[in-house]
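# Observations on the three-dimensional arrangement
Listed below, chain by chain, are the residues.
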Amino acid sequence: MKIDKGRYGYRDHQHRIRLLVTLILIAAILAQLIARQLTSNSAAKNILTVMAILTVLPMANMASPLLAAWKYRTPPCTFHERLLPYEDVLVLIYDLIVTTERTILPLDAIAVHAGGVYAFCSAAKIDAAKAEKELSAYFGANHWNVHIKIFVDERAFFRRLEQLKTADSTIVKDSATGIADNGAITEIVRLLKNLSM
């Protein structure tokens, strides 16, 4: 079953897929090199060598994000269950590993609201202020003046969500989605997903 980017469980799903494809490509490279040793035809040896070299490129494309995101897993189900009540009033996206020029940000949950982007990052060694500045610069380059706040304290993140939920009760919402969106929230979610591995 495919899990789309931004849905809960995406990191672990991608981890399994990338690991499987990487292992298959490594096995193909090894099979090509073994077949090269078993043949006596020099033309076949050259072709198998080129095939092995060309197979390394897609293997490296699969392995590099796998290694970069190796230590970042999907948060426990209890974390997701605590967020479910907020999905009725806020746009929540999960399990993104957002990359900037200098930082890899494992954002466990992101609330995209008309008032800004509020994200929870469980990685302890993240410089949240620096990451906020980098993301703001990215959004600014795309002509979006967005307030971004990254929380490393889970309790502070949930307090902010509660404040947004309370404040959101006075905003006129779209009748189909139940979310106040003038198109900006949808575009911000798209940009965040594009920044993610």
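About the cut-offs
- Residues numbered from 1 in each chain as written.
- Predicted model: local features only at pLDDT ≥ 70, side-chain atom pairs only at ≥ 80, totals over all residues.
- Heavy atoms only, no water.
- Pairing = 2+ DSSP bridges.
- Helix = DSSP H or I, 4+ residues; strand = E, 2+ residues; numbered from the N terminus.
- Axes fitted to C-alpha atoms, helices over the stretch in contact; angles between N-to-C directions.
- Contact = heavy atoms within 4.5 Å.
- Parallel < 35°, antiparallel > 145°, perpendicular 65-115°, else oblique.
- Left-handed = near helix turned anticlockwise from the far one by under 90°.
- Phe/Tyr/Trp six-rings, centres within 6.5 Å; stacked < 30°, edge-to-face > 60°.
- Buried < 20%, exposed > 50% of the residue type's maximum accessible area, 1.4 Å probe, protein only.
- Salt bridge = Lys/Arg side-chain N within 4 Å of Asp/Glu carboxyl O.
- pLDDT = per-residue confidence, 0-100.

This next bit is on the sheet that holds strand β4 (residues 148-151). Strands pair in a sheet through their backbones, by hydrogen bonds, and they do so in one of two ways: parallel or antiparallel. On the basis of which strands lie adjacent, the open sheet formed by four strands has the order β1-β2-β3-β4 and mixed pairing. Two strands bound the open sheet, and with one partner strand each, they are β1 (91-99) and β4. The mean angle between the axes of side-by-side strands here comes to 30°, regardless of whether they run parallel or antiparallel. Packing of helix α4 (residues 128-141) onto the sheet brings it into contact with β1, β2 (104-113) and β4, and relative to β4 it is tilted by some 150°. The strands that helix α6 (residues 184-195) touches are β1, β2 and β3 (116-121); relative to β1, the one it contacts most, it runs at about 30°.

The subject of this paragraph is the packing of α4 against α6. Relative orientation of the contacting elements α4 and α6 amounts to 120°, with a least axis distance of 12 Å. Relative to α6, α4 is oriented oblique. In this structure, the crossing between α4 and α6 has a hand that is right-handed. Between α4, through L135, Y138 and F139, and α6, the contact on the second element is made entirely by I188, L191, L192 and L195.

Moving on, we get to the packing of aromatic side chains. A full pass over the atoms with the stated rule returns seven aromatic pairs. Ring geometry for Y8 against Y94: centres 6.2 Å apart, planes inclined by 90°, an arrangement best described as edge-to-face. On the criterion of sequence distance, the pair formed by Y8 in the segment before α1 (10-38) and Y94 in strand β1 is long-range, its members being 86 residues apart. Its relative accessible area of 3% is what places Y94 among the buried residues.

Under the defined criterion, the tally for this structure stands at five salt bridges. Salt-bridge contacts for D108 lead to R11; the nearest nitrogen and oxygen are separated by 2.8 Å. Here R11 lies in helix α1 and D108 lies in strand β2, a separation of 97 residues in the sequence. Each member of the pair, D108 as well as R11, carries the same accessibility label: buried. The partner of K149 in a salt bridge is E132, and the shortest N-O contact between them spans 3.9 Å. One end of the pair, K149, is in strand β4; the other, E132, is in helix α4, and 17 residues separate them in sequence.

It is worth spelling out the confidence of the model for the chain at this point. Averaged over the chain, the pLDDT score is 82; the fraction of residues at 70 or greater is 91%. Within the chain, the element-level pLDDT minimum falls on α6, averaging 80, and the maximum on α1, averaging 91. Low pLDDT, under 50, characterises residues 169-179; the predicted model gives this stretch 15 contacts beyond four residues in sequence or across chains.

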